[in-house]
Each structure stands twice: as C-alpha cells, then as structure tokens.
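# Reading the structure
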Amino acid sequence: MRDAVTAVLVHGEEVFVIKRQDYLRAFPGYYAFPGGKVDDEDAGYDYSHPQITEFKPERIRALIRELDEELGFDLEQALEQDQVERIELMGIAITPSFEHVRFHAHYYKIVLKSKPAFRPDSNEIAWSDWLHREAFLARYESGEGLMVIPVMRTARAFAKDLTTSVIEPFNLDYDENRELAYLEMIRGLGYIPTRSNTLPPAEYTYALIIGDGAAPRYLVDPAPASDEILDRMFNTLERYPVDGILITHHHRDHHERSPEIARQLGLPMLCSRKTRERLLACNGTDYLDGIEIVHVEEGTRLTQWLGRDVHCYELPGHDDGMIGLAPTDMSWFFVADLVQPLATVVIPEPEGNMQDYFDTLQRIIDLQPRAIVSSHGIPIGGTHLLEKTLQHRQEREAQIRTRLEQGDDLNQIVKRLYRGINQKLIPLAEQNVRQHLRKLGHRI
C-alpha cells in the first residue's frame with residue numbers, strides 16, 4: 001500500500017476546494033483537495049521549519065510538490081515568510097479493501113494567514129474556489145457533489161467547527177468480517193460493493209440502495225458470490241433495511257441469490273417483463289416461486305431521492321430487458337452494465353444488440369446527467385465515460401469494416417483486432433465482432 005498526501009487549505013471560515021476533471025482515471029468529477037501520491041523522488045529531503053519537523057520529510061516533500069504542480073503555490077516559501085499559521089495531520093484515509101489500488105492518504109490541514117493567488121492546473125482541476133464551511137457541506141448534502149468518505153467527513157466536521165484538528169472516524173467504518181461496506185459518494189445513494197461471480201477484470205457488483213423519507217427503499221442488483229457473502233449482505237440489510245429488490249437485467253452477476261434475499265425478508269422483486277422471462281428461461285420456471293413480482297418499464301416512478309422522483313429507463317443494447325434509474329433533475333444516472341470503468345462491455349447473444357447499444361449510449365449522453373453510476377465501479381462525474389465508450393465502439397466498427405473490405409472472415413478479424421488478449425476472453429471478443437457485423441448488415 002502506497003503513501004499519498006492531501007492539502008486541506010483553510011483561511012478564516014473558508015476552505016479551498018477543487019473539483020477534479022471528469023476525464024481523470026482516479027475519482028473523476030469529485031470534489032476534493034489538492035494532493036497526490038508520494039513518489040520515490042520525494043525521499044532524501046530534510047526540513048528544519050518547526051511547523052513540519054514532526055512529519056516524515058518525504059510526505060512533506062510530496063505535499064510541497066503537489067501544491068506547486070496543481071496550484072502554483074510554494075508552501076515552503078509560505079512557511080519561510082510566516083504566511084502559515086499552523087499545519088496539522090487531521091487523519092489518514094485508508095483505501096477500502098475492495099478497491100484495486102490502495103493508499104494511505106495523509107490529510108494535512110494547512111491554516112493560512114491570507115489567501116494566496118493560486119494558479120490551478122486545468123488539466124486536473126475543472127473548478128476550484130474558497131467555500132464557506134457550511135457551503136462546502138451543502139455541495140454534498142444537496143446531492144450536487146461527489147465526495148469520497150474522508151472528504152465528506154471533513155466537510156461535516158468543518159461545518160460544525162472549522163478549528164477541528166482531528167477527525168474521527170475518518171475512514172469507512174464497518175465490521176469487515178460481518179458486514180459489507182456501505183458508502184454514499186453521492187448523498188442518499190447507498191453503494192454496497194458485493195463480491196460477485198462476474199466477468200474479469202471486475203470482481204464486484206455494486207449493489208445500490210435508493211429511496212428516502214416516506215418513499216420505498218429498494219436494493220438494486222444484489223448478487224453475492226457465495227453463502228458467506230450472502231450472510232454479510234443480510235447483516236448489512238439489518239442496518240440499512242429495504243422494502244423491495246430491483247433487478248436491472250438477467251445476467252447472473254446482477255441477481256444470483258437475490259431470490260433467497262427476497263424470500264427470507266419477504267420482499268417483492270421488481271424487474272422488466274423481458275428480464276422476468278429470461279430469468280425463468282435461464283434458471284428454471286421455479287426460480288422466482290414464492291416472490292411477488294412487480295414489472296417496471298420506461299417511465300415507471302420507482303421512489304424518491306432527496307425529495308426528487310426517480311424513474312425507470314429502458315436501456316437496451318447490452319441486454320434487451322435492462323433497466324436504469326435517474327432522478328428528474330438528472331443529478332445522476334444509474335446505467336447498470338451499459339459501461340464499465342475497467343473494461344469494454346460485452347454485447348452478448350442473443351439479448352444484446354449493437355445498434356441499440358449505440359443508441360442507448362447516445363440517448364444518455366444527450367440527457368447530460370451530472371454523474372454516471374454503474375454496476376462495476378464507483379460513481380463518476382459527467383458523461384465522459386459514455387462518450388469514450390461510444391467513440392471506442394465506433395472506432396472498432398470502422399476497423400471491422402476495413403477488415404471486411406479486405407476479405408477477412410470472423411476469425412481473421414478477431415485475430416487481428418484482439419492481439420494479445422487472454423484466450424479465455426476470445427469467445428467474448430467474437431460475440432462483439434459478430435454484433436458489429438450484424439449492425440453493418442453483414443451475413444454471419
């Protein structure tokens with residue numbers, strides 16, 4: 001696990017906040033503070049200023065470097081010129097175990113005597129400003145801002161008292177041996193990373209809990225990979241009870257063991273008619289016995305989120321029965337398996353359709369939701385991932401058209417376009433190529 005540093009800059013009743021660019025790989029579109037990882041080059045430095053001698057020199061060096069790179073701010077000079085009132089270590093954020101890349105991020109509160117003239121790096125920072133401590137928290141509580149747990153807890157602590165020096169708890173707080181993690185990177189949208197029998201490189205299906213106030217609460221796509229994970233899901237639902245289960249589509253990693261949850265807790269199960277048909281066809285006609293089934297479709301009002309109605313959307317392409325969700329103001333859009341941050345989505349046979357996939361991607365891009373929530377990764381800001389995915393598929397289709405014009409058959413196309421691919425994934429690549437060929441009107 002690597003070290004990272006974060007600079008929480010404070011002056012008076014305000015804190016300096018940035019919003020990360022939507023195209024960044026790590027936490028795109030999130031409200032955050034300047035910072036980054038500690039590099040090997042940060043070793044070998046030494047600092048004598050009394051405000052920083054208690055901290056490890058390599059971390060202070062990283063802090064100085066990151067502030068210079070991101071804001072054009074010279075912390076070392078500010079210390080020498082007595083522009084810094086104090087520096088405190090507020091807490092250490094530990095990346096949860098379900099993330100692929102993990103860090104110990106050291107959050108340093110830097111209290112400034114005046115506001116510097118920052119020069120934010122637009123390659124990483126989409127927006128930045130000094131926010132009053134209460135306005136900072138309001139960005140999260142209103143559902144506008146995406147925040148990781150330590151940033152959200154900093155915002156809540158500062159809203160009460162900006163002189164806070166240590167924040168406890170600072171990390172995600174749950175019994176890992178008994179429960180599954182529950183986190184809200186978007187206020188009121190509960191995310192439960194659940195190890196599932198999904199396709200690599202994904203390992204988890206992120207079950208969703210949605211619904212607030214007097215509106216019903218739904219658990220979306222619980223699919224525990226084992227009985228042990230199922231037990232942890234039950235324990236988690238004791239803390240976060242729900243009124244029903246929504247299944248977005250029929251693929252195994254979105255419903256496995258869901259019927260057991262529904263039966264044991266006496267919950268109805270919601271899905272599209274097409275999904276119900278496919279569930280029964282793939283898992284046996286008794287798969288849903290003893291469960292009340294409620295069908296949803298385009299426009300169905302499911303529940304409320306922060307007082308706003310949440311409706312269902314039909315999202316064909318990856319699966320012809322797939323359902324997504326979004327509030328009326330498009331603060332976010334839950335797209336299920338339409339996109340994945342870590343991999344290309346398979347357009348499977350027979351339920352997938354490449355033309356529908358193109359059309360669905362474009363439809364959501366046109367709606368311009370402020371955040372995209374998918375089933376196999378954390379929420380991300382903007383529609384960049386959708387646009388990137390659509391562009392990739394368009395480029396792949398152009399490559400396939402070129403290979404066809406040069407006389408290649410299916411096997412030759414796959415061999416040329418998927419060089420170096422894991423042999424286990426070849427059948428999935430063949431499916432995608434066949435789906436492109438169908439879209440192009442080529443006889444298979």
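Residues numbered from 1 in each chain as written. Predicted model: local features only at pLDDT ≥ 70, side-chain atom pairs only at ≥ 80, totals over all residues. Heavy atoms only, no water.

### Looking at the side chain of Arg396
Counting through the fold element by element, Arg396 comes out in helix α9 (residues 384-405). The side chain of Arg396 sits in the buried core without any salt bridge; Glu395 is the nearest counter-charge, 8.2 Å away. With residues up to four places along the chain from it excluded, the contact list for Arg396 reads Leu417, Tyr418 and His436. (Helix = DSSP H or I, 4+ residues; strand = E, 2+ residues; numbered from the N terminus. Buried < 20%, exposed > 50% of the residue type's maximum accessible area, 1.4 Å probe, protein only. Lys, Arg positive; Asp, Glu negative; His and termini not counted. Salt bridge = Lys/Arg side-chain N within 4 Å of Asp/Glu carboxyl O. Contact = heavy atoms within 4.5 Å.)

### So, the packing of aromatic side chains
Enumeration over the complete set of coordinates arrives at 15 aromatic pairs. Residues Phe73 and Phe118 carry aromatic rings whose centres are separated by 5.5 Å and whose planes lie at 80° to one another, so their mutual orientation is edge-to-face. Pair noted here: Phe73 is in the loop between α1 (57-71) and α2 (75-80) and Phe118 is in the loop between β6 (103-112) and β7 (125-132), with a separation of 45 residues, a long-range link. The burial state of Phe73 is the same as that of Phe118; both residues are buried. Taking the centre distance of 3.8 Å and the plane angle of 15° together, the rings of Tyr182 and Tyr240 count as stacked. With Tyr182 in the loop between α4 (149-160) and β8 (183-186) and Tyr240 in the loop between α5 (227-239) and β12 (244-246), the pair connects residues that are 58 residues apart, well separated along the chain. (Phe/Tyr/Trp six-rings, centres within 6.5 Å; stacked < 30°, edge-to-face > 60°.)

### Remarks on helix α11 (residues 426-439)
For α11, which comprises 14 residues, the first-to-last C-alpha distance of 20 Å matches the rise-based estimate of 20 Å (1.5 Å per residue) to within 8%. Taken together, the buried positions of α11 are occupied by Ile426, Ala429, Gln431, Asn432, Val433, Arg434, Gln435, His436 and Leu437. The inward-facing, buried residues of α11 contact α8 (354-367), α9 and α10 (410-417). Just past α11, the residue Gly441 takes up positive phi, approximately 80°. (Expected span 1.5 Å × (residues − 1).)

### A look at the sheet that holds strand β14 (residues 293-295)
Here 7 strands make up an open sheet; going across it, the order is β8-β9-β10-β11-β12-β13-β14 and the pairing mixed. The sheet terminates laterally at β8 and β14, the two strands that pair on one side only. In this sheet, neighbouring strand axes are inclined to one another by 30° on average, regardless of whether the strands run parallel or antiparallel. Relative to strand β13 (residues 269-271), β12 runs parallel, the two being bridged by 2 bridges. Among the inter-strand pairings, Ile245 is bridged to a residue of β13, identified as Met269. (Pairing = 2+ DSSP bridges. Axes fitted to C-alpha atoms, helices over the stretch in contact; angles between N-to-C directions.)

### Points about the nonpolar core
Counting residues in hydrophobic clusters, the biggest one holds 79 residues, and the most contacted among them are Tyr107, Phe136, Ile210, Leu325, Trp332 and Phe333. Considering every element that reaches this core, the biggest residue donor is α4, with 7 residues. Every residue in contact with Tyr107, bar those within four places of it in the chain, is listed here: Thr6, Val8, Phe33, Glu88, Leu89, Met90, Gly91, Ala93, Val148, Pro150, Val151 and Phe170. Ranked by size, the runner-up nonpolar core spans 28 residues in total, among them Phe73, Leu75, Val84 and Leu112. (Core = buried A, V, L, I, M, F, W, Y, C linked by side-chain atoms within 4.5 Å.)

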